[in-house]
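# Summary of the model geometry
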Amino acid sequence: MSSVVSSKSPNVNMQEAEFGFSILFFLFSFGIIYPPQEFESVGLTINNVFSSYLGSSDIEFIQYHLRRTCLTLLIHSILPTLYVVCYYLKFGDIIEYNAEVFPIFVLWNFLIFFLMILPVISATVIYYWCKDNYANHPLAQNLQKYSRENWIQAARDINAENRRDNKLCMKTSAIHSVVATANWIMKVSYYSVSVAHQSDTALIAIRSDSHDLSEISTESVQFVNIKVKPTRVGVSEFIIRINALDFKTLQDRMMRPITILDGVTFSKTVIDRFIEVFKQQVLLNPTYTTDEVILDLCFACMQARPNVKLQKKCTNEFGNDDTNNEHGCTNCYCRPMWCVDCLAKWFASRQDQQEKEIWLQQKCSCPMCRAKFCILDVCYVELNR
Ligand SMILES: [Zn+2]
Ligand SMILES: [Zn+2]
Ligand SMILES: [Zn+2]
């Protein structure tokens, strides 16, 4: 077949070709199952390619996912068969040749048989799900638990809530996302959608785990596993896994508080830790006394009262006031307008993100007048009585 002159035996060449083909097919399948960013940006995903069949998840959320789960299951189950067919078309004769040499051929044939009937099995399951307008689909079965007569009623409610602006949709991993509407919480996976009505569901944070982003960086990412436990008979519980930073966002959308089990801790972010150290240092600084009661709100967060004032208090390494030095701190004449937390965040945001260890020794500029200040110039406001 090959006219390439090679010192290797034709058999070795063939094995390399088979290996190369298998790797290529594996990559192709992987790209279909876990579409990389590049595939997604050009719309090369199952959901995108079949969008006209699937419809819009914004308009008919439940119907969209009924169709999507069936289609995804079918396409994924076809991949092994496609591999076997392509393999035979390309290398069929070689396999027969090998068969005389290796008894493994029997095992190989059995594996191929299994891979070939996979789509038949999945097609049977999908046929069963789709019968009577999806009545047997696990998602419809689950919704049936909420409206005895017909699951369509519950589906309509969810669709309507999903169309509102206040819904929360979080992609929690490559294959999962969490959708929370006013009354429902749902976990969307490849072949299933778990649903629970918030009114009779307990949410329990059962575990948290941290992972370092890289070996050299001190930053880590933390995940929280939350068990969604419906008390309604027949509705099964499920677990959602979210980034700890999204915990508050999810909690704010839930009707009930999320119970946090003992032992589940939330590690602080770098900024949180910096704010703490910043405040400890400010406590050691002189205070700024005033007769004026501050009635405004912090210019940044609009929540707290401004409680710090910038006053040049620092001296240079020789103990001299260096106001006139171009690198020294300068006087700020602004009224107290920021709270200490916001000023600490502002301070952190103006620093070199790579050199967190020396942030506290650095300078920053007043967010209002641009006067230069350091941590020693931040003074708590004290009311003169
Ligand atoms: Zn503030
Ligand atoms: Zn200022
Ligand atoms: Zn200073």
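Notes on the structure in this doc start here. The shown structure was predicted, so the numbers you read here are calculated from the model rather than taken from an experiment. (Residues numbered from 1 in each chain as written. Chains lettered and ligands numbered in written order. Predicted model: local features only at pLDDT ≥ 70, side-chain atom pairs only at ≥ 80, totals over all residues. Heavy atoms only, no water.)

The next thing to look at is the pattern of salt bridges. A full pass over the atoms with the stated rule returns 8 salt bridges. With its nearest N and O atoms 3.0 Å apart, the salt bridge here joins aspartate 209 to arginine 241. Of this pair, aspartate 209 sits in strand S5 (residues 201-212) while arginine 241 sits in strand S7 (residues 238-243); the two residues are 32 residues apart in sequence, bridging distant segments of the chain. With a relative accessible area of 32%, arginine 241 lands in the partly exposed category. Close ionic contact of aspartate 252 with lysine 248 constitutes a salt bridge, the shortest N to O distance being 3.0 Å. Residue aspartate 252 and its partner lysine 248 are located together in helix H9 (residues 247-253), separated by 4 residues, close to a single helical turn. By the burial criterion, aspartate 252 is exposed, and lysine 248 matches it. In this structure, a network of salt bridges that share partners links the residues Arg207, Asp209 and Arg241. (Salt bridge = Lys/Arg side-chain N within 4 Å of Asp/Glu carboxyl O. Helix = DSSP H or I, 4+ residues; strand = E, 2+ residues; numbered from the N terminus. Buried < 20%, exposed > 50% of the residue type's maximum accessible area, 1.4 Å probe, protein only.)

Geometrically, a metal with four donors at the corners of a regular tetrahedron has ideal angles of 109.5 degrees, and one with six donors at the corners of a regular octahedron has ideal angles of 90 or 180 degrees. The protein atoms that coordinate the zinc ion (ligand 3) are Cys314 (SG), Cys329 (SG), Cys374 (SG) and Asp377 (OD), at distances spanning 2.0 to 2.3 Å. In this structure, the zinc ion (ligand 3) is coordinated by 4 donor atoms arranged in tetrahedral fashion, with angles at the metal of 100 to 122°. Accessibility expressed as a relative area gives 2% for aspartate 377, which makes it buried. (Donors = N, O, S within 2.8 Å, 3.2 Å for Na, K, Ca; no water. Tetrahedral: all angles 85-135°; square planar, octahedral: opposite > 155°, others 65-115°.)

As a further point, take the pairing of S5. With 11 bridges connecting them, S5 and strand S6 (residues 220-230) associate as antiparallel partners. Each bridged residue has a counterpart across the sheet, and for histidine 211 the counterpart in S6 is valine 221. (Pairing = 2+ DSSP bridges.)

Attention now goes to the coordination of the zinc ion (ligand 2). Those protein atoms acting as donors to the zinc ion (ligand 2) are Cys332 (SG), Cys334 (SG), Cys366 (SG) and Cys369 (SG), and they sit at 2.3 to 2.4 Å. Owing to a relative accessible area of 36%, cysteine 369 belongs among the partly exposed residues under this scheme.

Ile62, Leu143, Trp151, Ile185, Ile226 and Leu250 are the most contacted members of the largest nonpolar core, which has 44 residues in total. Lining this core are residues from two domains, each supplying at least three of them: domain 1 (10-136) and domain 2 (164-260). With residues up to four places along the chain from it excluded, the contact list for tryptophan 151 reads Ile62, Leu66, Asn133, Tyr134, Ala135, Ala140, Leu143 and Gln144. Grouped together as the second largest cluster of nonpolar side chains are 26 residues, Val340, Phe347, Phe373 and Tyr380 included. (Core = buried A, V, L, I, M, F, W, Y, C linked by side-chain atoms within 4.5 Å. Domains from an automatic or database assignment. Contact = heavy atoms within 4.5 Å.)

Another point: the sheet that holds strand S10 (residues 308-310). The sheet built from 3 strands is open, its strands ordered S9-S13-S10 with mixed pairing. Edge strands, defined here as strands with exactly one partner in the open sheet, are strand S9 (288-290) and S10. Across the sheet, the mean angle separating the axes of adjacent strands is 40° when strand polarity is ignored. (Axes fitted to C-alpha atoms, helices over the stretch in contact; angles between N-to-C directions.)

Turning to the sheet that holds S7, a few remarks are in order. Ordered by their spatial adjacency, 4 strands build an open sheet running S7-S6-S5-S8, and the pairing between neighbours is mixed. Each of the sheet's edge strands pairs with one partner strand only, and the pair in question is S7 and strand S8 (259-260). Relative to S8, S5 runs parallel, the two sharing 2 bridges. Across the sheet, the residue bridging to isoleucine 204 is threonine 259, located in S8.

Attention shifts here to the packing of aromatic side chains. The full count for this structure, using the stated rule, is 16 aromatic pairs. Pairing phenylalanine 21 with tyrosine 83 gives two aromatic rings, centres 5.8 Å apart and planes at 20°, and the pair type is stacked. With phenylalanine 21 in helix H1 (residues 10-33) and tyrosine 83 in helix H5 (residues 61-101), the pair connects residues that are 62 residues apart, well separated along the chain. The same class applies to phenylalanine 21 as to tyrosine 83, namely buried. By the ring-pair criterion, three or more aromatic residues cluster together here, those being Phe21, Phe25, Phe28, Tyr83 and Tyr87. Over the ring of tyrosine 288 we find lysine 309; its NZ or CZ atom is 5.7 Å from the centre of that ring. (Phe/Tyr/Trp six-rings, centres within 6.5 Å; stacked < 30°, edge-to-face > 60°. Lys NZ or Arg CZ within 6 Å of the ring centre and 35° of its normal.)

This part covers the packing of helix H10 (residues 270-284) against helix H11 (residues 340-349). Across the interface, H10 lies against H11 with an axial gap of 9 Å and an inter-helix angle of 115°. Here H10 and H11 pass one another in a crossing that is right-handed. Of the residues in H11, those in contact with Ile271, Phe274, Ile275, Phe278, Lys279 and Val282 of H10 are Val340, Asp341, Leu343, Ala344, Lys345, Phe347 and Ala348. Across the contact of H10 with H11, the residue classes tally to 10 nonpolar, no polar and 3 charged. (Left-handed = near helix turned anticlockwise from the far one by under 90°. Nonpolar A, V, L, I, M, F, W, Y, C, P; charged D, E, K, R; others polar.)

With that out of the way, let us pick up unusual backbone geometry. Unlike most non-glycine residues, methionine 302 shows phi in positive territory, near 55°. Its location among the elements puts methionine 302 in the loop between S9 and S10. A positive phi is found at arginine 370, a non-glycine position, where the angle reads about 70°. Locating arginine 370 in the fold gives a position in the loop between strand S11 (363-365) and strand S12 (372-374).

Let us look at H10. For H10, spanning 15 residues, the distance from its first C-alpha to its last is 22 Å, which sits close to the expected 21 Å at 1.5 Å a residue. Looking at H10, one finds that the buried residues are Val270, Phe274, Ile275, Phe278 and Val282. Down the axis of H10, the buried set is contained in an arc of 130°. They therefore lie on one face. Of the exposed residues in H10, those oriented more than 90 degrees away from the buried face are Gln280, Leu283 and Leu284. Summarising the contacts, the buried residues of H10 are in contact with S10, H11 and strand S13 (378-383). (Expected span 1.5 Å × (residues − 1). Arc of directions from axis to C-beta.)

From the geometry alone we can't say anything about function, so treat these as descriptive.
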